[in-house]
Amino acid sequence: MAMFPDSMPRPTPNMDEQGFWDACAQQALRFQACGSCGTLRHPPLPICGACHSTAIRWVDAPAEAELFSYTVVHHASHPAVKGNLPYVVGIVSFPGLPGVRLVSNITGVERTDVRIGMKLRLWWDDIGAGMYVPRFAAA
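Presented here is a report on the structure given in the accompanying data block. Starting from 1, residues in each chain are numbered consecutively following that chain's sequence as written. Residues qualify for local features only when their pLDDT is at least 70, as the model is predicted, and side-chain atom pairs are given and counted only at 80 or more; totals for whole chains, interfaces and linings, by contrast, use all residues. Processing note: side-chain calculations cover all non-hydrogen atoms of the structure and skip hydrogens and water entirely.

**Things to note about the environment of Asp 113**
Then step 1. Each helix is a run of H or I in the DSSP string that is no shorter than four residues. Each strand is a run of E no shorter than two, and both are numbered from the N terminus. Following the sequence through the fold, Asp 113 ends up in the loop between strand 6 (101-107) and strand 7 (119-128).
Then step 2. Given the relative accessible area of 46%, Asp 113 is considered partly exposed.
Then step 3. Residues Asp 113 and Ala 138, spaced 25 residues apart in sequence, show a C-alpha to C-alpha distance of 9.8 Å. Throughout this description, buried means an accessible area under 20% of the type-specific maximum (1.4 Å probe, protein chains only), exposed means over 50%, and partly exposed covers the range between.

Structure follows, in structure tokens:
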């Protein structure tokens, strides 16, 4: 079930985000970690906020996640998504990856049944041009 309308602009990653989107193209969810102290961070940044190192590495995320917070969108942020209203946007957290959160859509559940703390599973939305966007469905 693709959620991304053809008329929606595709992500245009900067050099810090490129590693995240390269992993997504392989349908692998990875987050940036400091190569020196190991502090996890998302969105990707050029310098660690904890130790100021520029060394980076990428850490695989589990396919299982938990809903940290959410909102139901009733007003289109872009004309291309007007036909998908209303939809759920969530902040997703991951076991074993402290402090990492990802904003994504929550699918496969009635919006009235969405609950903070609910278990989620990752799925990949093929948006064309070799790009995939991580989405989450109720586990």
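**A closer look at the state of the cysteines**
Then step 1. We call a pair of cysteine sulfur atoms a disulfide when they lie within 2.5 Å. The full count for this structure, using the stated rule, is zero disulfides.
Then step 2. Cysteine Cys 51 is unpaired, with the sulfur of Cys 34 as its nearest cysteine sulfur at 3.6 Å.
Then step 3. For Cys 51, a relative accessible area of 35% corresponds to the partly exposed category.

**Considering the sheet that holds strand 5 (residues 87-93)**
Then step 1. Pairing between strands is defined by DSSP: at least two bridges between the two strands are required. Sheet architecture is closed into a barrel: five strands sit in the order 4-5-6-8-7, paired in mixed fashion. Across the sheet, the axes of successive neighbouring strands diverge by a mean angle of 50°, strand direction being ignored.
Then step 2. Judged from the six bridges that link them, strand 5 and strand 6 form a sheet pairing that is antiparallel. Directly across from Val 89, in strand 6, lies its bridge partner Asn 105.
Then step 3. For this analysis, residues touch if any pair of their heavy atoms sits within 4.5 Å. Between N-to-C directions, angles span 0 to 180 degrees; the directions come from axes that are lines fitted to C-alpha atoms, helices contributing only their stretch in contact. Lying over the sheet, helix 1 (residues 18-25) contacts strand 6, strand 7 and strand 8 (131-138), oriented at roughly 75° with respect to strand 8.

**Side note on the nonpolar core**
Then step 1. Ranked by internal contacts, the top residues of the largest apolar core, which has 28 residues, are Leu 29, Phe 31, Phe 94, Leu 97, Leu 120 and Phe 136.
Then step 2. Those elements that provide at least two residues to this core are helix 1, strand 1 (30-34), strand 4 (64-73), strand 5, strand 6, strand 7 and strand 8.
Then step 3. Once residues within four sequence positions are removed from consideration, Leu 97 is found in contact with Phe 31, Leu 40, Val 59, Asp 60, Ala 61 and Pro 62. The definition of a nonpolar core used throughout is a set of buried Ala, Val, Leu, Ile, Met, Phe, Trp, Tyr and Cys residues joined through side-chain atoms within 4.5 Å.

**Some details on the layout of surface pockets**
Then step 1. Lining residues are defined by having an atom within 4 Å of a point belonging to a cavity or pocket. Those points lie on a 1 Å grid over the protein atoms alone, cavities being sets where a 1.4 Å probe fits but cannot get out and pockets being open sets with protein on both sides within 12 Å along at least five of seven lines. Grid points are joined across faces, edges and corners, and a volume is the space filled by probe spheres set on the points. A volume near 520 Å³ is recorded for the largest pocket.
Then step 2. Val 103, Ser 104, Asn 105, Val 133 and Arg 135 are, among the 24 residues lining the largest pocket, the residues nearest its centre.
Then step 3. Taken together, the elements giving at least two residues each to the lining of the largest pocket come down to helix 1, strand 5, strand 6 and strand 8.
Then step 4. Ranked by residue count, the leading element in the lining of the largest pocket is strand 6, at five residues.
Then step 5. Along the lines of polarity and charge, the residues of the lining of the largest pocket split into 16 nonpolar, five polar and three charged. Amino acids are sorted into nonpolar (Ala, Val, Leu, Ile, Met, Phe, Trp, Tyr, Cys and Pro), charged (Asp, Glu, Lys and Arg) and polar (every other residue, Gly among them).

**A look at the pattern of salt bridges**
Then step 1. We count a salt bridge whenever a side-chain nitrogen from Lys or Arg sits within 4 Å of a carboxyl oxygen from Asp or Glu. In this structure the tally under the stated criterion is three salt bridges.
Then step 2. Put simply, Asp 60 and Arg 30 hold a salt bridge, and the shortest N to O gap is 2.6 Å. Here Asp 60 is found in strand 3 (residues 56-60), whereas its partner Arg 30 is found in strand 1, with 30 residues between them in sequence.
Then step 3. Ionic pairing is found between Asp 125 and Arg 135, a salt bridge with its closest N-O pair at 3.1 Å.

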